[in-house]
Amino acid sequence: MYNTKAYAAASATSPLAGTTIPRREPTKRDVQIEILFCGICHSDLHSVRNEWSSVMPTTYPIVPGHEIVGRVTKVGSAVTKFKPGDLAAVGCLVDSDGTCPECRAGLEQFCPNQTLTFNSPDKHLGGVTYGGYSDSIVVDERFVLRVPTSLDLAGAAPLLCAGITTYSPMRRWGVTTGRKVGVVGLGGLGHMGVKFAHALGAHVAVFTTSPRKKEDALRLGADEVVVSRDANEMQKHAGSFDFILDAVSANHDINAYINLLRRDGTITIVGAPEKPHAVSAFSLLMGRRNLSGSLIGGIPETQEMLDFCGAHSITADVEVIPIQKVNEAYERLLKADVKYRFSIDMASLKSE
Ligand SMILES: NC(=O)c1ccc[n+]([C@@H]2O[C@H](COP(=O)([O-])OP(=O)(O)OC[C@H]3O[C@@H](n4cnc5c(N)ncnc54)[C@H](OP(=O)(O)O)[C@@H]3O)[C@@H](O)[C@H]2O)c1
Ligand SMILES: [Zn+2]
Ligand SMILES: [Zn+2]
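Keep in mind that what you see is a predicted model, and the values were worked out from it rather than measured.

A surface patch of nonpolar side chains, about 240 Å² in accessible area, is lined by Leu-107, Phe-110 and Leu-295. The partly exposed category is assigned to Phe-110, whose relative accessible area is 39%.

What follows covers helix H11 (residues 326-334). Three- or four-residue spacings in an α-helix give side chains the same orientation, since the helix completes a turn every 3.6 residues. Every buried residue of H11 is accounted for by Val-326, Ala-329, Tyr-330 and Leu-333. Along the long axis of H11, the arc covered by the buried residues comes to 105 degrees, so they all point the same way. Where the residues of H11 are buried, they touch strand S1 (2-9), strand S2 (16-23), strand S3 (30-40), helix H1 (42-48), strand S15 (318-322) and strand S16 (341-345). Two residues or fewer past H11, Ala-336 is found with a positive phi of approximately 55 degrees.

Turning our attention to unusual backbone geometry. Looking along the chain, the bond that leaves Tyr-60 and enters Pro-61 is cis, with omega of 0 degrees. Turning to its location among the elements, Pro-61 is positioned in the loop between H1 and strand S4 (68-75). Look at Asn-50: it is not a glycine, yet its phi comes out positive at around 55 degrees. Note that Asn-50 resides in the loop between H1 and S4. Positive phi outside glycine occurs at Ile-296, with the angle close to 30 degrees. In this fold, Ile-296 is placed in the loop between strand S14 (290-293) and helix H10 (299-312).

Criteria and thresholds
- Residues numbered from 1 in each chain as written.
- Chains lettered and ligands numbered in written order.
- Predicted model: local features only at pLDDT ≥ 70, side-chain atom pairs only at ≥ 80, totals over all residues.
- Heavy atoms only, no water.
- Patch = residues over 30% accessible without salt bridge, like charges linked within 9 Å, V, L, I, M, F, W, Y side chains within 5 Å.
- Areas by Shrake-Rupley, 256 points an atom, 1.4 Å probe, with all protein chains shown as cover.
- Salt bridge = Lys/Arg side-chain N within 4 Å of Asp/Glu carboxyl O.
- Buried < 20%, exposed > 50% of the residue type's maximum accessible area, 1.4 Å probe, protein only.
- Helix = DSSP H or I, 4+ residues; strand = E, 2+ residues; numbered from the N terminus.
- Arc of directions from axis to C-beta.
- Contact = heavy atoms within 4.5 Å.

Right under this line is the structure:
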């Protein structure tokens, strides 16, 4: 065991603050990574404030962060894919049983014995796992990903959650040329959704509550932008979408979007607001529409997404911040005020 610097919250109402946490010495199959950048996902904020207490209650102290990019500093004797000095990335998962049907299908995110990057029971040290708001992390090689060397690292970090969470449902539901695709909420996830839908050749509409984001949405790859609080603008799109991705972090009326789907169209929820959605049966019955959900992505698909980003030069649009600004960043996230992901420069932790 060794100690490493981190930022943690001591309770649902405490700010994040500097601390020291234990990490295991790398075992045979482990990769030790010096963390260079870690994205701030809205899930970090939901977890720190225990907003998902009914589904996954938070154990304190919590060290969030699951959009991790760094450099390998040490590898165990049985590690074959990485060596010291390599770039490496870690997303939302750090372990799973590797034997269940989900794992065998490469869908580790649904493994009943998975270990999440933070706030999951830690099989090695006891207690819970600690995430990427820290100096270093030790992860089983099977859950360490390769980052294309052509990508900017601060902008690559958010691919590990915001990227895969939007890429996976778009691939699953056949987003491609000729399809009309909507993305609801232009935040960290949403802006990646726009980039992927555009790269996959779809006609992309962004739904936003923030009229000030219009120009950015077009620059990011949208073909049109709809201010969702304008009922007239919404009505113009009734019954026309093949696929809509709902990436909103707060409670909102999802029926307004279901009604925009054409016959057999699909809306996939990736946003995870605190309270349940109220879904109108009629919105679904009319037009035989599909309501579905999606959770991050498995390890093989996460690597596929990173390689796709390498080939298409896709990264997140980031505001790079020092870790000391993390509490301010959380307040701004709540106001939908980020362009379009915060990426923490972990060098700032060294001076603590
Ligand atoms: N399913 C998964 O695997 C998965 C993975 C990661 C994250 N998530 C969840 O996905 C959600 C989005 O995460 P994120 O990191 O992208 O968050 P984010 O950067 O904060 O973006 C959320 C966006 O939602 C919109 N929004 C916020 N409040 C709203 C309101 N009251 N009504 C309507 N729209 C509102 C805003 O977009 P506009 O300004 O454009 O309206 C905002 O930018 C979170 O709930 C997060 O926990 C799920
Ligand atoms: Zn996330
Ligand atoms: Zn499994």
